[in-house]
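Observations on chain architecture
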Amino acid sequence: MNQKAIVVFSGGQDSTTCLFWALERFEEVAVVTFHYGQRHWMEIECAKNIARQCGVEHYIFDMGLLNQLAPNALTRENIPVEAGEEGELPSTFVEGRNHLFFSFAAVLAKQKGFHHIVVGVSQTDFSGYPDCRDDFVRSLNVTLNLAMDYSFVFHTPLMWLDKSQVWELSDTLGKMEYIQEHTLTCYNGVIRDGCGTCPSCLLRKKGLEEYLARRGGKSHD
């Protein structure tokens, strides 16, 4: 099996960490970004800029149908960003998004002759999203292998990491400052440290503070 990987890539902290993780492990890496009607065009621009700076081939696919099927706070200005209450999912959950994104990434991977697919989902900090769980990714991996008669290997390097450990991984890779400066995680479309108030920004900030406190005066080369 060849050592070529496609990273499902949004230009955010997690997928960018996965990109640098993949660049250290595979002989060739490409990234794929999905445009599904996000309110903030900066997400696509961030992904373009990072891909260009890393020198990797970048594919952008139109997934506008998902916007029609699954209205949510990430695509509709009239839906506020709210955390889930009493077991409900947050308003930022996009029904079926990872299922569709990972499946389309697999189609691209087979067409390009790649066998490895890297995704930045985490069961530790997944906000209750069912399509970020380990059993979902493993199940989809088997299904796609059967559906396409092709040997895909899904990699989930962040699956069992909390956000502070994701920062630690990026530091170990020597890319923490780059990720701080160039990624967009904010639900309100603000690059770098974000708006500071949305759930995604709060999680990112909390994780960074926890990691820096744990690291103390130590640094990675």
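Relevant structure appears above.
What this report covers is the structure whose coordinates are included nearby. (Residues numbered from 1 in each chain as written. Predicted model: local features only at pLDDT ≥ 70, side-chain atom pairs only at ≥ 80, totals over all residues. Heavy atoms only, no water.)

The helix and strand inventory of the chain stands at eight helices and five strands. Reading the chain from its N end, one meets helices and strands in the order β-α-β-α-β-α-α-β-α-β-α-α-α. Evaluated residue by residue, the chain yields a buried proportion of 47% over its 221 residues. The long-range fraction of contacts in the chain, counting pairs at least 24 apart against all pairs at least 6 apart in sequence, stands at 71%. Total accessible area on the chain stands at roughly 11000 Å², and carbon and sulfur atoms take up 49% of it. (Helix = DSSP H or I, 4+ residues; strand = E, 2+ residues; numbered from the N terminus. Buried < 20%, exposed > 50% of the residue type's maximum accessible area, 1.4 Å probe, protein only. Contact = heavy atoms within 4.5 Å. Areas by Shrake-Rupley, 256 points an atom, 1.4 Å probe, with all protein chains shown as cover.)

A word on the packing of aromatic side chains. On inspection of all chains with the given rule, the structure shows seven aromatic pairs. An angle of 50° between the planes, with centres 6.1 Å apart, marks the rings of F102 and F154 as tilted. With a gap of 52 residues between them, F102 in helix α4 (residues 97-112) and F154 in strand β5 (residues 153-155) connect regions that are remote in the sequence. F154 matches F102 in its accessibility class, with the two residues each being buried. Taken together, the aromatic side chains of F34, F61 and F101 make up a single cluster linked through ring pairs. (Phe/Tyr/Trp six-rings, centres within 6.5 Å; stacked < 30°, edge-to-face > 60°.)

All right, on to helix α2 (residues 42-54) then. With 13 residues, α2 should reach 18 Å at 1.5 Å per residue; the first-to-last C-alpha distance of 18 Å fits that figure. Along α2, the positions that sit buried rather than exposed are E43, I44, C46, A47, I50 and A51. An end-on view of α2 places all buried positions within 160° of arc, on one side of the element. Packed against the buried residues of α2 are α1 (13-23), β2 (28-35), β3 (57-62) and α7 (176-182). (Expected span 1.5 Å × (residues − 1). Arc of directions from axis to C-beta.)

The sheet built from five strands is open, its strands ordered β3-β2-β1-β4-β5 with parallel pairing. Taken across any chain shown, the strands that pair with only one partner, and hence form the sheet edges, are β3 and β5. If you compare each strand with its neighbour and ignore which way they point, the axes differ by 25° on average. Its contacts with the sheet place α1 against β1 (4-8), β2, β4 (116-118) and β5, and it is angled at close to 175° to β1. (Pairing = 2+ DSSP bridges. Axes fitted to C-alpha atoms, helices over the stretch in contact; angles between N-to-C directions.)

Tallying each qualifying case throughout the model produces eight salt bridges. E28 is paired through a salt bridge with K4; the nearest N and O atoms lie 3.6 Å apart. With E28 in strand β2 and K4 in strand β1, this pair connects stretches of sequence that are 24 residues apart. On the accessibility criterion, E28 (33% relative accessible area) is partly exposed. The class of K4 is partly exposed, set by a relative accessible area of 22%. (Salt bridge = Lys/Arg side-chain N within 4 Å of Asp/Glu carboxyl O.)

This part takes up α1. Burial analysis of α1 places nine of its 11 residues in the buried class, which makes it a mostly covered element. Three or more residues of α1 are buried, namely Q13, S15, T16, T17, C18, L19, F20, W21 and A22.

Everything listed here is a matter of coordinates, which is why it stays silent on function.
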